[in-house]
Amino acid sequence: MAKKLDPKAKAKREKVIAAVAGVVLLGVLAFAIPMTMKQLKGQNANPAAAAATAPATTTAPTVSTELASATGPSVSLGQLDSFGRFESKDPFEQQVDPHDTAGPTVSGGGTDGTGSAVPRSSDSPASTASPPPARRAPLPLPTAAVIVVNDGPPQRVTPGQDFPLPPLDPLFHLVALTRKAAKISIAGGSLDDGKATVTLRKGRPLTLMNTADGTRYELRLLWLGTGVPPASILPPTPAAGTGSSTSTTTTATTTTTP
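What you are looking at is a predicted structure, and each value in this text was computed from that prediction instead of being measured.

A. Examining the overall build of the chain more closely. Within the chain one finds 1 helix and 14 strands. Of all 258 residues assigned to the chain, the portion counted as buried reaches 18%. Counting every atom, the chain has about 19500 Å² of accessible surface; 60% of that belongs to carbon and sulfur.

What follows is the structure in C-alpha cells.
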C-alpha cells in the first residue's frame, strides 16, 4: 500500500531547499564578485604601471638621401602599407648645363659618360664671340655743286659765290648746300613771294622769271659733292670770248618743272 504524501510537508520541504540554495548562491556571489573586480582593476593598472615604469628613450631622426614612397590603395587613411626607395643623387652636383643644348654637362665643359667633367675646347663656336658690326661713317656734307643756267656750260659753284661765273653776268647766289639740294637766292634782288632762298634739287629743274622783262632762267643741279666733279659732268672750261648775258635781275618769280 502506497504511502500518502502530505502536501503541506512537501511544500515546506521545497521552501527549505530553495532557501538553502539561495543562501549558497549568495555566498558564491559574495566570494566571486570581489575577486572578479580585483582582477579587472589589476589588468587596467598593469598597462599604466608599465608605461610609467618604462624608461624614457629618445631617438634622433636620421637623415637619408633616400626617399620613401607609401603605396597600396587598399590601406585606410593614415596608414602605410609598403615602402619603395628612389635613386639617390648628390644635391651638390650640377646635373644640367644651361649653356649646352647637346646634352647634360657640367659648367665649363662636357661629360665623358661617367659624370666627370671634360673641359670645353677653346676653339668651340660657343666660346668665340663675333665682333660687333662696324658703324658706317656718315657721309660728309657737299662743299661744291655743278649748276647749269639755261643752255650755258656747267659750272662748279661753292657756297657764297654768285653764278653764272665770269665771263657771264652773275644773276644768282649760292647760299648753302645739303646732301640732296642747293639753296640759292637772287644776286642783287629778291623773290616776289618774300622768301630769302629757293631750293634747287638734283634731277628737278627750277625756272625763275625776271618780272621786269619777262626773261626766264632754267636752273639745273647736276652734281653735289666734295673735291673735283667727274669729267663727264664738268667738261673743260670754254675759251674766253664767249657771249655773256647782260640782263640784271631785280625781282624774280619761281616756277618748278616737275
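Next comes the rest of the account.
B. View of a nonpolar patch on the surface. Side chains of Leu25, Leu26, Leu29, Ile33, Met37 and Leu40 sit close together on the surface and give an oily, nonpolar patch of about 580 Å² of accessible area. Topologically, Met37 is positioned in helix 1 (residues 7–53).

C. Focus on the nonpolar core. With 21 residues, the main nonpolar core has Phe163, Phe172, Leu174, Ile184, Leu219 and Leu221 as its most contacted residues. Among the secondary structure elements, those contributing two or more residues to this core are strand 5 (144–149), strand 8 (172–177), strand 9 (181–186), strand 11 (198–201), strand 12 (206–210) and strand 13 (216–225). Of all the elements, strand 13 adds the most residues to this core, at 4 residues.

D. Molecular detail of the pairing of strand 12. Of all 5 residues making up strand 12, 4 are buried, and the element is well covered by its neighbours. Inspection of the sheet shows strand 12 paired to strand 13 by 4 bridges, in the antiparallel sense. Across the sheet, Thr207 pairs through a bridge with Glu218, a residue of strand 13. Taking the residues between adjacent antiparallel strands as the criterion, strand 12 and strand 13 are bridged by 5 residues, where Gly214 takes a positive phi near 80 degrees.

E. How the structure looks around the confidence of the model for the chain. This prediction gives the chain a mean pLDDT of 74; 59% of its residues lie at or above 70. Taken together, the stretch residues 63–72 has pLDDT below 50 and engages in 17 contacts with residues farther than four places along the chain or on a different chain. The model gives residues 242–250 a pLDDT under 50, and that stretch makes 25 contacts with residues more than four places away or in other chains.

F. Quick look at the packing of aromatic side chains. Scanning the model with the defined rule gives 2 aromatic pairs in all. With a centroid separation of 5.8 Å and 40 degrees between ring planes, the pair formed by Phe163 and Phe172 is classed as tilted. The burial state of Phe163 is the same as that of Phe172; both residues are buried. A ring pair is formed by Phe172 and Tyr217, whose centres lie 5.9 Å apart and whose planes are at 80 degrees; its orientation type is edge-to-face. Here the residue Phe172 occupies a position in strand 8, and Tyr217 occupies one in strand 13, the gap between them amounting to 45 residues. For Tyr217, a relative accessible area of 4% corresponds to the buried category.

G. Representation of unusual backbone geometry within the structure. A cis amide bond links Phe163 with the next residue in sequence, Pro164, at an omega value of 0 degrees. For Pro164, the location among the structural elements is in the loop between strand 7 (162–163) and strand 8. In this structure, the amide linkage connecting Pro166 to the following residue, Pro167, adopts the cis form with an omega of 15 degrees. Counting through the fold element by element, Pro167 comes out in the loop between strand 7 and strand 8. The backbone of Asn150 shows a phi angle near 55 degrees, a positive value even though the residue is not glycine. Along the polypeptide, Asn150 turns up in the loop between strand 5 and strand 6 (155–157).

H. Just the pairing of strand 5, in detail. The buried count for strand 5 comes to 6 of 6 residues, which makes it a mostly enclosed element. Side chains Ala144, Val146 and Val148 of strand 5 all project onto a buried face; the interleaved residues Ala145, Ile147 and Val149 project onto the opposite face, where all are buried too. For strand 5 and strand 13, the ladder comprises 6 bridges, and the chain directions are antiparallel. Within strand 13, the residue paired with Ile147 across the bridge is Leu221. Summarising the sheet, strand 5 and strand 6 pair through 3 bridges and their orientation is antiparallel.

I. The arrangement of the pattern of salt bridges in detail. Applying the stated criterion across every chain yields a total of 1 salt bridge. Across the pair Glu218 and Arg220 runs a salt bridge, and its minimum N-O distance is 3.9 Å.

J. View of the sheet that holds strand 11. Sheet architecture is open: 4 strands sit in the order 7-8-9-11, paired in antiparallel fashion. The outermost strands of the open sheet, each flanked by one partner alone, are strand 7 and strand 11. Note that strand 7 and strand 8 share 2 bridges and pair antiparallel. Across the sheet, residue Phe163 finds its bridge partner in strand 8, namely Phe172.

Basis of the calculations
Residues numbered from 1 in each chain as written. Predicted model: local features only at pLDDT ≥ 70, side-chain atom pairs only at ≥ 80, totals over all residues. Heavy atoms only, no water. Helix = DSSP H or I, 4+ residues; strand = E, 2+ residues; numbered from the N terminus. Buried < 20%, exposed > 50% of the residue type's maximum accessible area, 1.4 Å probe, protein only. Areas by Shrake-Rupley, 256 points an atom, 1.4 Å probe, with all protein chains shown as cover. Patch = residues over 30% accessible without salt bridge, like charges linked within 9 Å, V, L, I, M, F, W, Y side chains within 5 Å. Salt bridge = Lys/Arg side-chain N within 4 Å of Asp/Glu carboxyl O. Core = buried A, V, L, I, M, F, W, Y, C linked by side-chain atoms within 4.5 Å. Pairing = 2+ DSSP bridges. pLDDT = per-residue confidence, 0-100. Contact = heavy atoms within 4.5 Å. Phe/Tyr/Trp six-rings, centres within 6.5 Å; stacked < 30°, edge-to-face > 60°.

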